[in-house]
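Below are the chains, spelled out letter by letter.
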Amino acid sequence: IGTETSHDFVLLTSNGERMRIKADGNVGIGTSSPDNILHLESASNPYLQLEKVGTSSKVFVGNASGEAILESTGGAIKLKPNGRSDDFVLSTSGLLGIGTASPATKLHVSSSGDTIVRVTSADGNAAFLDLGDASDPDGGRIHYDTGSNLVFNTASSERLRIDSSGLVLVGLSSTLPSNNAKLQVAHTDGNADIIVHRAGNNANPPGLNS
């Protein structure tokens, strides 16, 4: 233990520096030049471990106007902004819950009122929601583009579009010439088919062809 001419307080073990309290009050563990009030540095395992046997471990972060609590209980990690209960929970199974302490899926969003999940992009850019598997991650896609069109893809191809005026286009990416019908359907073989099937009548459902 010693004090340097720079007025830093230094803790040494095995003739090596382990902790330093700078003259400005910053504390460094593994570093002699701490950049913050507490600065930990390690070339191999830069971990901070908080443990209390038999109950949860907590880290409080905040100021006079509020606080956030990072808590580990039974292996699950919880983040509670301003002391609210279970706003963000990462379970021991790797499931993330927002608004629920018991997430049932990889991402589980819950609310006592209306629940909204919002995806936005910068102005002039499109917003995408991709659905798929490892070999085809964007095979299914819901896409809101810069022209205010809502587009649905399957098998990586556009299948249905609702344009900015409310027209529904099936098999089309733009409206048919001189046609303002609210529903416009096209098929690759040149035929457009609309089948209206009444429940319980499986024999010969009525159809419309064009």
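Everything below is about the structure shown above.
Residues numbered from 1 in each chain as written. Predicted model: local features only at pLDDT ≥ 70, side-chain atom pairs only at ≥ 80, totals over all residues. Heavy atoms only, no water.

*Asks:* Is there a simple way to explain the overall build of the protein chain in this structure?
*Replies:* Helix and strand content of the protein chain: zero helices and 19 strands. Here the protein chain holds 210 residues, and the buried ones make up 20% of them. A separation threshold of at least 6 residues defines the contact pool for the protein chain, and within that pool the share at least 24 residues apart is 0%. Element-wise, carbon and sulfur atoms account for 53% of the exposed surface of the protein chain, whose accessible area totals about 15100 Å². (Helix = DSSP H or I, 4+ residues; strand = E, 2+ residues; numbered from the N terminus. Buried < 20%, exposed > 50% of the residue type's maximum accessible area, 1.4 Å probe, protein only. Contact = heavy atoms within 4.5 Å. Areas by Shrake-Rupley, 256 points an atom, 1.4 Å probe, with all protein chains shown as cover.)

*Asks:* Would you mind going over the sheet that holds strand β12 (residues 127-131) with me for this structure?
*Replies:* By definition, the strands of a sheet pair up through backbone hydrogen bonds, in either a parallel or an antiparallel sense. Ordered in space as β12-β13-β14-β15-β16-β17, the six strands form an open sheet in which the pairing is mixed. Looking at the sheet topology across the chains shown, the edges are occupied by β12 and β17 (183-185). Strand after strand, the sheet turns through a mean of 15° between neighbouring axes, direction not considered. Pairing analysis gives five bridges linking strand β14 (residues 150-154) to strand β15 (residues 157-162), with the strands arranged antiparallel. Residue pairing across strands places Leu150 opposite Ile162, the latter belonging to β15. (Pairing = 2+ DSSP bridges. Axes fitted to C-alpha atoms, helices over the stretch in contact; angles between N-to-C directions.)

*Asks:* Got a minute to help me understand the pattern of salt bridges in this structure?
*Replies:* Think of it this way: side chains of opposite charge can pair up when their charged atoms draw near. Per the stated rule, a full pass over the model turns up seven salt bridges. Across the salt bridge formed by Arg161 and Asp145, the nearest N and O atoms sit 3.6 Å from each other. On the criterion of sequence distance, the pair formed by Arg161 in strand β15 and Asp145 in the loop between β13 (140-144) and β14 is long-range, its members being 16 residues apart. Of the charged contacts, one joins Arg161 and Glu158 as a salt bridge, the two residues approaching to 2.8 Å between their closest N and O atoms. Residue class for Arg161 comes out buried when judged on its relative accessible area of 12%. Residues participating in the shared-partner salt-bridge network are Asp8, Glu17, Arg20 and Lys22. (Salt bridge = Lys/Arg side-chain N within 4 Å of Asp/Glu carboxyl O.)

*Asks:* Would you explain the side chain of Asp145 in this entry?
*Replies:* Accessibility expressed as a relative area gives 15% for Asp145, which makes it buried. From its side chain, Asp145 meets the backbone nitrogen of Asn149 in a polar contact 2.9 Å long. If near-sequence neighbours (up to four positions away) are discounted, Asp145 is found in contact with Ala126, Val151 and Arg161. (Polar contact = N/O pair within 3.5 Å; in protein donor to acceptor, adjacent residues only side chain to side chain.)

*Asks:* Can you help me understand a nonpolar patch on the surface in this one?
*Replies:* A cluster of nonpolar side chains, Leu70, Ile77, Leu79, Phe88, Leu90, Leu96, Leu107, Val109 and Val117, forms an exposed patch at the surface whose accessible area comes to about 720 Å². Counting only elements with at least two residues in the nonpolar patch, the list comes to β8 (76-81), β9 (88-90) and β11 (107-109). Here Leu79 lies in strand β8. Exposure remark for Leu79: the relative accessible area of 33% places this residue in the partly exposed category. (Patch = residues over 30% accessible without salt bridge, like charges linked within 9 Å, V, L, I, M, F, W, Y side chains within 5 Å.)

*Asks:* Looking at this structure, how should I read the environment of Ala76?
*Replies:* Among the structural elements, Ala76 can be located in strand β8. Taking the relative accessible area as the measure of exposure, Ala76 reaches 12% and is therefore buried. In this structure the C-alpha to C-alpha distance between Ala76 and Leu96, which are 20 residues apart in sequence, comes to 10.0 Å. Residues contacting Ala76, with those up to four places away along its chain left out, are Glu71, Leu90, Ser91 and Thr92.

*Asks:* How should I be thinking about unusual backbone geometry in this particular structure?
*Replies:* Unlike most non-glycine residues, Asn15 shows phi in positive territory, near 65°. Residue position: Asn15 is located in the loop between β2 (9-13) and β3 (16-21).

*Asks:* I tried to follow the environment of Ser6 on my own but got confused; where do I start?
*Replies:* Considering the arrangement of structural elements, one finds Ser6 in the loop between β1 (2-3) and β2. Given the relative accessible area of 37%, Ser6 is considered partly exposed. A C-alpha to C-alpha distance of 8.4 Å links Ser6 and Lys22, two positions 16 residues apart in sequence.

*Asks:* Explanation requested: the environment of Tyr144 in the structure shown.
*Replies:* Looking at where Tyr144 falls in the secondary structure, it is placed in strand β13. Overall, Tyr144 belongs to the partly exposed group, its relative accessible area being 43%. Considered as a pair, Tyr144 and Ala126 are 18 residues apart in the sequence and their alpha carbons are 5.7 Å apart. When sequence neighbours within four positions are dropped, the list of residues in contact with Tyr144 reads Ala126, Ala127, Asn149 and Leu150.

In short, geometric facts, not functional conclusions.
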